[in-house]
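# Breakdown of the fold
Listed here are the chains, written in short residue letters.
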Amino acid sequence: MLHKQQHLTYNVKTGEFLRNFEYLAKYSEKAGVSISVRRRDKIIATLLAPAAVEEISDFVEKMELKHQTDQAENKRLKKEVAALRLRLNLKENLDK
């Protein structure tokens, strides 16, 4: 998800990040880009721009609401399935 949201990311090494943290944080905020901290070939941390944090927060809220509606729909469908099973059992018993 982050990869889709953040098209422009700057990579820095761990030592560079630690030495220049304040500058990188200000730059990330002003330019609206994220900064990835790398150790060898792996990303170990990501400093997100405020706009990215807001987008991610909105996305998470939207997904939580969708999850709640899906759970309510599943509950309704389970009740409907149980009722249909009972009707089927009654019909089978009456047909005998």
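Residues numbered from 1 in each chain as written. Predicted model: local features only at pLDDT ≥ 70, side-chain atom pairs only at ≥ 80, totals over all residues. Heavy atoms only, no water.

### Here's the deal with the confidence of the model for the protein chain
- The pLDDT averaged across the protein chain works out to 87; a share of 93% of its residues lies at or above 70.
- Of all secondary-structure elements in the protein chain, the lowest mean pLDDT belongs to helix 1 (residues 2–5), at 48, while helix 4 (residues 50–95) reaches the highest, 94. (pLDDT = per-residue confidence, 0-100. Helix = DSSP H or I, 4+ residues; strand = E, 2+ residues; numbered from the N terminus.)

### Considering the sheet that holds strand 3 (residues 42–47)
- A sheet is described by the order of its strands in space; here 3 strands give the open sequence 1-2-3, paired in mixed fashion. Unpaired on one side and paired on the other, strand 1 (9–13) and strand 3 mark the two borders of the sheet. Between one strand and the next, the sheet's axes are offset by a mean angle of 30 degrees, whatever the strand orientation.
- Strand direction decides the pairing type here: strand 1 and strand 2 (residues 34–39), joined by 5 bridges, are parallel. Its bridge partner lying in strand 2, threonine 9 is registered against serine 34. (Pairing = 2+ DSSP bridges. Axes fitted to C-alpha atoms, helices over the stretch in contact; angles between N-to-C directions.)

### Some remarks on the side chain of serine 28
- For serine 28, the position within the fold is in helix 3 (residues 21–31).
- A polar side-chain atom of serine 28 sits 2.6 Å from the main-chain carbonyl oxygen of valine 33.
- The residues touching serine 28, leaving out its near neighbours within four places in the chain, are Val33, Ser34, Ile35, Leu47, Leu48 and Ala49. (Polar contact = N/O pair within 3.5 Å; in protein donor to acceptor, adjacent residues only side chain to side chain. Contact = heavy atoms within 4.5 Å.)

### Focus: the packing of aromatic side chains
- If you walk through the whole model with that rule in mind, you get 2 aromatic pairs.
- Ring geometry for phenylalanine 17 versus phenylalanine 21: centroids 5.4 Å apart, planes at 80 degrees, classification edge-to-face.
- Residue classification places phenylalanine 21 among the partly exposed residues on the basis of a relative accessible area of 39%.
- Residues tyrosine 23 and tyrosine 27 carry aromatic rings whose centres are separated by 6.4 Å and whose planes lie at 20 degrees to one another, so their mutual orientation is stacked. Here tyrosine 23 pairs with tyrosine 27, and both are found in helix 3, just 4 residues apart, close to one helical turn.
- Judged by its relative accessible area of 56%, tyrosine 23 is exposed. (Phe/Tyr/Trp six-rings, centres within 6.5 Å; stacked < 30°, edge-to-face > 60°. Buried < 20%, exposed > 50% of the residue type's maximum accessible area, 1.4 Å probe, protein only.)

### Digging into the environment of isoleucine 35
- Its location among the elements puts isoleucine 35 in strand 2.
- For isoleucine 35, a relative accessible area of 0% gives the class buried.
- Residues isoleucine 35 and leucine 47, spaced 12 residues apart in sequence, show a C-alpha to C-alpha distance of 5.0 Å.
- Discounting residues that sit within four places of it in the chain, isoleucine 35 has contacts with Tyr10, Val12, Leu24, Ser28, Ala45, Thr46 and Leu47.

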